[in-house]
Amino acid sequence: MRLNINLASQKYEDVRTFVSRAGAATAGMAIFTVVLAVLAWFNYSSSTNSNARVRQLEQKIDMLQEQRARASAVENLPENRDLTQQKNYWNRQIARKAFSWTQLFNDLQKIMPSRVFVISVAPEFTKDNQLKLRLTIGGEKNDDLNALVKRMEGSHKFQRTSLISQSTQTSSTPGASSLHKFDIETFYTPGRNGSTRSASREGL
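Not measured: the values here are computed from a predicted model.

A word on helix α3 (residues 101-111). What sets the pattern is the α-helix's 3.6 residues per turn: residues three or four places apart point alike. Every buried residue of α3 is accounted for by Gln103, Leu104, Asp107, Leu108 and Ile111. Axial view of α3: buried residues confined to an arc of 135°, hence all on one face. Residues of α3 that are exposed and point more than 90 degrees away from the buried face comprise Gln109 and Lys110.

Below, the structure is given as structure tokens:
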């Protein structure tokens with residue numbers, strides 16, 4: 001019978017394997033640390049560039065606001081009052097000539113739900129030459145009218161849309177459905193394309 005006897009005073013350990021694994025773990029940690037450092041540097045650089053861009057935009061906005069304030073102050077001088085009134089008058093006239101009923105109803109038709117129709121439209125130009133519309137819309141169901149209001153709120157041509165009032169008109173005819181009416185106020189920005197220019201001869 002053969003016996004294997006360990007005469008060493010200490011327990012046997014595979015030092016080479018331990019050192020190899022420890023070295024691999026250390027190398028992995030070093031690579032991971034380098035990757036984190038690079039990512040942190042990129043993040044810091046991107047954040048610095050973004051902050052610089054924001055500061056530039058804020059400076060431009062402040063500059064434009066100062067220029068607008070100076071221009072407004074010059075326009076409000078007593079000696080320039082007549083000229084300012086004439087300018088505002090002609091700007092309103094130009095805006096009126098550029099308004100197109102055809103374009104307006106085409107834009108409304110694109111977002112108008114079924115069984116909803118326009119009863120009346122009252123356009124009005126504000127002092128800053130924005131086109132404000134007062135619309136009276138009719139329909140068989142309130143849900144359809146609410147859907148129109150939501151579509152106008154999501155449109156880039158109809159902005160700051162608000163529901164002014166609503167009413168229901170009961171028909172005297174037996175079996176006929178009631179008529180729901182919405183009074184809507186919105187600011188209209190017509191598109192600037194070829195069809196708009198061709199139809200712009202239709203003034204108020």
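Okay, back to it.
What follows concerns the sheet that holds strand β2 (residues 131-139). Judged by pairing direction, the sheet is antiparallel, and its 4 strands sit side by side in the order β1-β2-β4-β3 without closing on themselves. With one partner strand each, in any of the chains shown, β1 (116-125) and β3 (158-169) form the two edges of the open sheet. Strand after strand, the sheet turns through a mean of 15° between neighbouring axes, direction not considered. Packing against the sheet, α3 makes contact with β1, β2, β3 and β4 (179-188), and its axis sits at approximately 135° to β1.

Right, let's talk about the pattern of salt bridges for a bit. Under the counting rule described, the total for this entry stands at 3 salt bridges. Put simply, Asp107 and Lys157 hold a salt bridge, and the shortest N to O gap is 3.0 Å. Separated by 50 residues along the polypeptide, Asp107 in helix α3 and Lys157 in the loop between α4 (142-153) and β3 bring together distant segments of the chain. Residue Lys157 is classed as buried on the basis of its relative accessible area of 12%. Salt-bridge contacts for Glu140 lead to Arg115; the nearest nitrogen and oxygen are separated by 3.9 Å. Of this pair, Glu140 sits in the loop between β2 and α4 while Arg115 sits in the loop between α3 and β1, and the two are 25 residues apart along the sequence. Residue Glu140 is classed as partly exposed on the basis of its relative accessible area of 40%.

Quick look at the packing of aromatic side chains now. If you walk through the whole model with that rule in mind, you get 2 aromatic pairs. Each ring, one from Trp101 and one from Phe105, has its centre 6.1 Å from the other, and the planes form 25°; the classification is stacked. Highlighted residues: Trp101 and Phe105, both in helix α3, separated by 4 residues, approximately one helical turn. Note that Arg160 overlies the ring of Phe187, its terminal NZ or CZ placed 3.9 Å from the centroid.

This part takes up the nonpolar core. In this structure, Leu104, Leu133, Leu135 and Phe158 are the most contacted members of the largest nonpolar core, which totals 20 residues. Elements that contribute at least two residues to this core include exactly α3, β1, β2, α4 and β4.

All right, on to the pairing of β1 then. In this structure, β1 lies alongside β2, joined through 9 bridges in antiparallel fashion. Along β2, the bridge assignment pairs Val118 with Ile137. Here β1 hands over to β2 after 5 residues, with Asn129 in that stretch at a positive phi of 65°.

Turning our eyes to something else, we now look at unusual backbone geometry. Notably, Arg115 is not glycine yet its phi reads approximately 65°, a positive angle. A relative accessible area of 45% means that Arg115 is categorised as partly exposed. One non-glycine residue, Arg160, lies in the positive phi region at around 50°. Within the secondary structure, Arg160 is located in strand β3. You can call Arg160 exposed: its relative accessible area is 53%.

Calculation criteria
Residues numbered from 1 in each chain as written. Predicted model: local features only at pLDDT ≥ 70, side-chain atom pairs only at ≥ 80, totals over all residues. Heavy atoms only, no water. Buried < 20%, exposed > 50% of the residue type's maximum accessible area, 1.4 Å probe, protein only. Helix = DSSP H or I, 4+ residues; strand = E, 2+ residues; numbered from the N terminus. Arc of directions from axis to C-beta. Pairing = 2+ DSSP bridges. Axes fitted to C-alpha atoms, helices over the stretch in contact; angles between N-to-C directions. Contact = heavy atoms within 4.5 Å. Salt bridge = Lys/Arg side-chain N within 4 Å of Asp/Glu carboxyl O. Phe/Tyr/Trp six-rings, centres within 6.5 Å; stacked < 30°, edge-to-face > 60°. Lys NZ or Arg CZ within 6 Å of the ring centre and 35° of its normal. Core = buried A, V, L, I, M, F, W, Y, C linked by side-chain atoms within 4.5 Å.

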